[in-house]
Amino acid sequence: MANLIYFDHAATTSPKKEVVSIYNEALKTSFYNPASAHQAGTLANRELENARNDILKSFGLNNYSLIFTSGASEANNLALKGFANRYKKRGNHIITSSFEHPSVSNTLKALENNGFKVTYLPVNNGQISLEELEKAITPETILVSIMAVNNEVGFIQDIKGISKVVHSHGIKLHIDAVQAVGKIPAPYQEADLITVSLHKIGGLKSSGLLLFKKGIELTPLIDGGGQEYGIRSGTNDVPMALSSAYAIKDALKNQKENFIYCQKLVEPLYEYLNKHEDLYEINSTIDNPFIVNFSFKNKKASVFVEALSSLGIMVASKSACSSRLDKGSVSLLALGKSSQIANNAMRLSFASSNNEEEIKTFIDNLDRLVKELRA
């Protein structure tokens, strides 16, 4: 696998060597339980809180609290269930979009089964309509949850505009920022609750964050010793917190540079796809150069994903969370695409570790495979 070409960074990324180094060193020096009253525990707790503060400082969110979670799925569950159950006396209505990540959409379905009402706004042009959002709000609406950047097609939501509508009604806004951090500029201060995943930005798996404005209360999903403000019990992983703080700082610091690099990187790919409109339908835009999504008009995408994989080129047919499910892309169906297009999409996702030669290799091999199948 040494010469592997990896175009699936939206699924996961390779941990940065500095992240691994910080984690490994902290396993030896900061393994103490930060809840322990002795001196070693106190020092570990100080490191934990320093990491927490460093992350908030990197985001510029000093008036927010931060909870360390096992990943973005837990953070989304905590944001939605924790908020809904805490404030259900104020209302039982939540608004979202029709192409959210399963950790949001399935969590909302679970809340529906428990008496909450959910409105799923259409995304025909890749964004929710602010007018339709306004119309969907009722006196019972307590929360709006919107993905900042879609994980399959890369469309970017107008978080600032959404925030203006939501907050004008005294409602709170949750954003799933997993595909935004380190890639797409997002006005984080416009959101009340923010979900982050570390393994998407060179951090470690099983690590996520939920950031939320001070004053917001959440009902715990996990009961126990009262760690993390009494909201997420369980012994804190100090090495994970320290490595996460570095990953966040590094990702945000290099965000603009990475965007410009990847925008230039994908230009030849879009040129190739546009040149062969008879073969491919483009589902994404270069506005987000980290995700390129296109469909085969008359071929099965799975055939090409498998063929490319055998050549050492890793691409996806849809998001990793649903890649083994036998159904088309939920995002493309929500965009009004046909089942043929939704079932035969290919997603490539990039990072600064990719290069022009890899793009050329992909194009050459894809073009050859398409011609062989046509013959």
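J.: Help me understand the pairing of strand β8 (residues 208-213) in this model?
T.: Within a regular strand, the side chains alternate between the two sheet faces. In terms of residue burial, β8 counts as a mostly covered element, since five of its six residues are buried. Here strand β7 (residues 193-197) runs beside β8; their pairing, made up of five bridges, is antiparallel. Paired with I194 across the bridge in β8 is L211.

J.: How do you make sense of the sheet that holds strand β10 (residues 291-296) when you look at a structure like this?
T.: Within a sheet, each strand pairs with its neighbour through backbone hydrogen bonds, oriented either parallel or antiparallel. The strand order across the open sheet built from three strands is β9-β10-β12, with neighbouring strands paired in antiparallel fashion. This sheet does not close on itself; its edge strands, each paired only once, are β9 (280-282) and β12 (345-349). When the angles between neighbouring strand axes are averaged without regard to direction, this sheet yields 25°. Where β9 lies against β10, three bridges are found, and the strand directions are antiparallel. Within the sheet, the bridge partner assigned to E281 lies in β10 and is S295.

J.: Can you walk me through the side chain of Q255 in this structure?
T.: Position of Q255 relative to the elements: it lies in helix α8 (residues 255-265). One polar contact links the side chain of Q255 to the main-chain amide nitrogen of K183, over a distance of 3.3 Å. Leaving out residues up to four positions away in the same chain, Q255 has contacts with A180, V181, G182, K183, I184 and P185.

Here is what the cut-offs are and how they apply
Residues numbered from 1 in each chain as written. Predicted model: local features only at pLDDT ≥ 70, side-chain atom pairs only at ≥ 80, totals over all residues. Heavy atoms only, no water. Buried < 20%, exposed > 50% of the residue type's maximum accessible area, 1.4 Å probe, protein only. Helix = DSSP H or I, 4+ residues; strand = E, 2+ residues; numbered from the N terminus. Pairing = 2+ DSSP bridges. Axes fitted to C-alpha atoms, helices over the stretch in contact; angles between N-to-C directions. Polar contact = N/O pair within 3.5 Å; in protein donor to acceptor, adjacent residues only side chain to side chain. Contact = heavy atoms within 4.5 Å.

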